[in-house]
Amino acid sequence: MIKHVKTLAACLSALLLAGCAASPTPAPTTTRYHVAMIAKSTSTEFWSAVFAGAEAAATEYNMDLTITGSESEEDYSTQNDLIEKAVEEGAQAIIFSASDYQQNAAAIDAAADKGVRIVVVDSAVNSNKVSAYVGADNYGAGQMAAKSALENVEGPLHVGLVSYNVNSPNAQEREEGVIDTLTASGRAEVAATVYSVATPENARAETLTMLARHPEINVLISFNEAVSVGAAQAVSDLGRADDLWMVAFDSNITTVDALHTGAVDAMVVQNTYGMGYFSVENAYKLLAGQGSDVTRETETATRIIDRSNIFALDGQKAVFPFE
């Protein structure tokens, strides 16, 4: 069943990792490696899908996998404590998603100095001791979000951006991709940007305030699952589903429902299951002496899901990756 899931993901163009289908799966050794996955959140559907992929790979490769993470995406201090604890408990590899590009770096360097192999998933850290990265092209994903608006909204675009942790490289790269694409179009401007704590409640309040101050906004782009939920709620609260084009990042039940009601018009969906699977697979190869087979950066696919394709098979697989 696990191999079937991996093959299906490889065959669907929407979920393909560049080059991931080219290498056959190596036979696991009898050695049971201890790997710790430390996420920047454990409470979103995004991370639930990542964990599902990681657990599938850990089962296939006979690995001892522990999964922990901070309660909020901004809590780099707890992450640093979890890194230290994982090393103390004998983790041979750490799969890590950074809350803060700079503030998590020293803890990761210290773990690597003790011989722990480091694989980064989704969110990078400022360390040259990382062996492999698995995640999306966030700049390209930002471009994709901007193009969705440009292709579907006529006339001038007045854009509101709902971002999150200002120190997150993912958020920074997505914002750059959006702004560069909007600027190049010659008919769009960013009217306002808010940086919200990554919870729906905070993002809802920030978005309501932004839209009240800038009623000219006719495009809204939000940059992760939690803030997308809050931004969509704000659009619904204000009754602006019909006159505002909203692009959300990631998907969950709330944003999928909002896509049906019109509060959300498009979603940039990532291959979260693949992120988890291939990060654990890379950790296995590094520990099993197969490091030459590990690509330094494995880019997972993103795609736009909207009302035109959500009911297609590949659309359903993208939105519900492990069901």
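For the structure, check the block above.
Residues numbered from 1 in each chain as written. Predicted model: local features only at pLDDT ≥ 70, side-chain atom pairs only at ≥ 80, totals over all residues. Heavy atoms only, no water.

Account for the pattern of salt bridges, with residues named and values stated.
Applying the stated criterion across every chain yields a total of five salt bridges. When the shortest N-O distance is used, the salt bridge between K40 and D122 registers 3.8 Å. One end of the pair, K40, is in the loop between β1 (34–39) and α2 (45–60); the other, D122, is in the loop between β4 (117–121) and β5 (132–136), with 82 residues separating them in the sequence. No difference in accessibility class separates K40 from D122, as the two residues are buried. The salt bridge partner of R204 is D237, with a shortest N-O separation of 2.7 Å. Linking R204 in helix α7 (residues 200–213) with D237 in helix α8 (residues 225–237), this pair joins segments that are 33 residues apart in sequence. With a relative accessible area of 32%, R204 lands in the partly exposed category. On the accessibility criterion, D237 (42% relative accessible area) is partly exposed. (Salt bridge = Lys/Arg side-chain N within 4 Å of Asp/Glu carboxyl O. Helix = DSSP H or I, 4+ residues; strand = E, 2+ residues; numbered from the N terminus. Buried < 20%, exposed > 50% of the residue type's maximum accessible area, 1.4 Å probe, protein only.)

Describe helix α3 (residues 76–88), naming the residues involved and giving the relevant values.
Its 13 residues give α3 an end-to-end C-alpha distance of 19 Å, which sits within 8% of 18 Å, the value for a rise of 1.5 Å per residue. Buried within α3 we find Q79, N80, L82, I83, A86 and V87. Projected down its long axis, α3 shows its buried positions confined to an angular sector of 160 degrees, all on one face. Residue G90 follows α3 closely and has a positive phi angle near 90 degrees. (Expected span 1.5 Å × (residues − 1). Arc of directions from axis to C-beta.)

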